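A closer look at the structure
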Amino acid sequence: MIYLFYGLEYYLIKKELESILKKEKIDAMNQNTYDLENSSLKEIIDDASIMSLFGEKKAIIVENSYIFTGTTNKKFPEQDVDILLSYLQNINKDTYLFFIINKESIDKRKKIVNELKKRGVIKEFAPLIEQKSYVMSMLKPYQIEEKDASFLIDRVGNQLSILEQEIEKLKTYKNKDLQITRKDIVDVTCKTVDIDIFALIDNIVVKNKEKALESYTEMIKLGEEPIKIIIMLANQFRMMYQAKQLSKKGYSEKDIASSLNVHPYRIKLSLEKSHHFQETILLSYMKQLALLDYEIKSGKIDKNIGLELFILSI
């Protein structure tokens, strides 16, 4: 069997892959993983064509399968796609071949895509529109109110792999008590740094220096280095600026996410925040943070005092 999995939600791709491997009872000893950015297609197809010594099923997982997209990059090795086309005419029934590409789309005009569609399975894994329902299903058999499920997402972020980790912590903590409350979420789960960055930016937006300093202090308590916070802030302001520019040109949120290679949810938040800033202000903040980074690294200013002064200057 041959599969092509693509989309921005890599977590769901991995879950689907794990489900198939478990269903077909293909253990780790019979799994080989390649990366198409540094492996040849010939090497992969040769492996797929070899029969298992003991007649067992085997799986070949090919990451970064860019040959199915419209991407052209001189850094990627040239691949002889005809080798795969030939293999599709005579697929090894004992081999489960998975091509994976963590991109929003594939090039459906390509011959290789159409041929694989005829003889295998192509499946898209787009970001979930309704994450709250998915989180509530992940929590089963534990019960949680919808508003608290939303609170959990707001607290730990929308990345499904992180949500799964935090949900497992909640289940272990509650044990036989199947009702999860907001207090449980606060007591057990870890607030992500990305969320705190947005809290810091929220306070910068409304020019609430006291609250902004509180957000910054909270991040320091979580063990974050001031230099890292500076970089995260600068990256976020840059994303807001780029999203604002592309939005003015008529790009949709989906188009912007694809263009910047960023999760759509982060673009949604960036656009919401960017409405409160003029482009000149965003550029000014980026320049100030770049200068601050230089002054800290060159020993001209203390890292803690430097970022506090930036927050006080907003």
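Since we're looking at a predicted model, the values are computed, not measured.

For the bond running from Lys140 to Pro141, omega is 10°, close enough to zero to count as cis. At Asn64, a position not held by glycine, the phi torsion is positive, near 50°.

We now examine the layout of surface pockets. What the largest pocket holds in volume is close to 610 Å³. Around the largest pocket sit 22 residues that line it, and Pro127, Leu128, Ile129, Pro264 and Tyr265 are the ones nearest its centre. Breaking the lining of the largest pocket down by element, the ones donating at least two residues are helix H5 (131-139), helix H6 (146-156), helix H12 (253-260) and helix H13 (264-274). It is H13 that provides the largest number of residues to the lining of the largest pocket, a total of four residues. A per-class count over the lining of the largest pocket returns nine nonpolar, five polar and eight charged.

Here we come to the side chain of Asp94. Inspection of the secondary structure puts Asp94 in the loop between helix H3 (81-89) and strand E4 (95-101). By relative accessible area, Asp94 is classed as buried at 12%. In this structure, Asp94 is in contact with Met51, Glu56, Lys57 and Lys58, ignoring residues within four places of it in sequence.

Another aspect to go through is the packing of aromatic side chains. In this description, a pair of aromatic rings is defined by centroid distance and the angle of the planes. This structure, assessed with the given rule, holds nine aromatic pairs. Residues Tyr285 and Phe310 carry aromatic rings whose centres are separated by 5.7 Å and whose planes lie at 80° to one another, so their mutual orientation is edge-to-face. Pair noted here: Tyr285 is in helix H14 (residues 279-297) and Phe310 is in helix H15 (residues 303-312), with a separation of 25 residues, a long-range link. Each member of the pair, Tyr285 as well as Phe310, is classed as buried. Through a chain of ring-to-ring contacts, three or more aromatic side chains come together here, namely Tyr3, Phe5, Phe98 and Phe125. Between Arg182 and the ring centre of Phe151, over which it is positioned, the NZ or CZ distance is 4.4 Å.

Note on soluble globular proteins: their nonpolar side chains tend to be buried together. Ranked by internal contacts, the top residues of the largest apolar core, which has 31 residues, are Phe5, Tyr96, Phe98, Val135, Leu152, Leu163 and Ile180. Going through the elements one at a time, strand E1 (2-6), helix H1 (10-23), strand E3 (58-63), E4, H5, H6, helix H7 (160-174) and helix H8 (182-188) are the ones with two or more residues in this core. Broken down by element, the residue count for this core peaks at six residues, all from H1. Phe98 has contacts with Tyr3, Phe5, Leu17, Ile20, Leu21, Ala59, Ile60, Ile61 and Val62, leaving out every residue within four places of it along the chain.

Turning next to the pattern of salt bridges. In the structure shown here, the tally under the stated rule is 24 salt bridges. Lys93 is the partner of Asp94 in a salt bridge, and the nearest nitrogen-oxygen pair spans 3.6 Å. Within this structure, Glu115, Lys118 and Arg119 form a network of salt bridges that share partners.

Parameters and conventions
- Residues numbered from 1 in each chain as written.
- Predicted model: local features only at pLDDT ≥ 70, side-chain atom pairs only at ≥ 80, totals over all residues.
- Heavy atoms only, no water.
- 1 Å grid on protein atoms, 1.4 Å probe; cavity = no way out; pocket = protein on both sides within 12 Å on 5 of 7 lines; lining within 4 Å.
- Points joined across faces, edges and corners; volume = space filled by probe spheres on them.
- Helix = DSSP H or I, 4+ residues; strand = E, 2+ residues; numbered from the N terminus.
- Nonpolar A, V, L, I, M, F, W, Y, C, P; charged D, E, K, R; others polar.
- Buried < 20%, exposed > 50% of the residue type's maximum accessible area, 1.4 Å probe, protein only.
- Contact = heavy atoms within 4.5 Å.
- Phe/Tyr/Trp six-rings, centres within 6.5 Å; stacked < 30°, edge-to-face > 60°.
- Lys NZ or Arg CZ within 6 Å of the ring centre and 35° of its normal.
- Core = buried A, V, L, I, M, F, W, Y, C linked by side-chain atoms within 4.5 Å.
- Salt bridge = Lys/Arg side-chain N within 4 Å of Asp/Glu carboxyl O.

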